[in-house]
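Listed below, chain by chain, are the residues.
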Amino acid sequence: MQLRIPSNCGNSPKSELVKNLTVHFAAYELDQVFQFLDDNISWTLVGNTPISGKAAFRSALENMSGNKVAKLTINGIVTHGKEAAVHGEMTMEDGGVFGFADFYGFTSAKGVKVKAITSYVIQKTQN
């Protein structure tokens with residue numbers, strides 16, 4: 001997978017964690033992702049039914065793993081207190097291009113375990 005990440009996206013421990021989570025999600029490296037998730041993780045992929053718990057989360061990600069990310073671009077990461085956000089673009093192996101924004105809620109301000117993720121994903125039109 002090709003990566004484009006601005007150098008300032010890892011300027012704090014929480015930003016570094018969000019950057020790494022985003023890369024691991026895109027690569028479907030689930031074991032690396034799951035070490036940072038609270039057991040009661042809640043994931044809302046906007047437009048779909050929310051998913052609760054690690055088992056349901058893993059199942060949902062495995063069902064999505066058929067079309068791999070060929071190129072991941074992170075445009076920015078913002079963190080504050082118990083929250084963080086990342087936005088960027090994914091180009092898939094089949095040529096589809098998606099813009100995304102993920103909002104993370106952590107169990108504490110230290111940002112060690114993720115308790116909630118809200119994801120916005122939209123397919124971009126090709127010109």
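Just above, that's the structure.
So, here's what we can say about the structure.

Rules used in this analysis
Residues numbered from 1 in each chain as written. Predicted model: local features only at pLDDT ≥ 70, side-chain atom pairs only at ≥ 80, totals over all residues. Heavy atoms only, no water. Helix = DSSP H or I, 4+ residues; strand = E, 2+ residues; numbered from the N terminus. Expected span 1.5 Å × (residues − 1). Buried < 20%, exposed > 50% of the residue type's maximum accessible area, 1.4 Å probe, protein only. Salt bridge = Lys/Arg side-chain N within 4 Å of Asp/Glu carboxyl O.

1. Overview of helix H1 (residues 13-26)
Here comes step 1: Under the 1.5 Å per step criterion, the end-to-end length of H1 is 20 Å for 14 residues, consistent within 8% with the ideal 20 Å.
Here comes step 2: Burial of H1 is extensive: eleven of the 14 residues sit out of reach of the surface.
Here comes step 3: Here H1 has its buried residues at Lys14, Ser15, Leu17, Val18, Lys19, Leu21, Thr22, Val23, His24, Phe25 and Ala26.
Here comes step 4: Trailing H1 by a residue or two, Tyr28 shows a phi angle of about 55 degrees, which is positive.

2. A word on the environment of Glu83
Here comes step 1: Relative to the elements of secondary structure, Glu83 occurs in strand S5 (residues 83-92).
Here comes step 2: The sequence separation of Glu83 and Thr107 amounts to 24 residues, and the corresponding C-alpha distance is 9.3 Å.

3. Some thoughts on the pattern of salt bridges
Here comes step 1: Enumeration over the complete set of coordinates arrives at four salt bridges.
Here comes step 2: The closest approach of N and O atoms between Lys54 and Asp39, which form a salt bridge, is 3.4 Å. On the criterion of sequence distance, the pair formed by Lys54 in helix H3 (residues 54-64) and Asp39 in strand S2 (residues 37-45) is long-range, its members being 15 residues apart.
Here comes step 3: Here Asp39 falls in the exposed class, since its relative accessible area comes to 55%.
Here comes step 4: Linking Glu89 and Lys124 is a salt bridge whose minimum nitrogen-to-oxygen distance equals 2.4 Å. Here Lys124 lies in the segment after strand S7 (114-123) and Glu89 lies in strand S5, a separation of 35 residues in the sequence.

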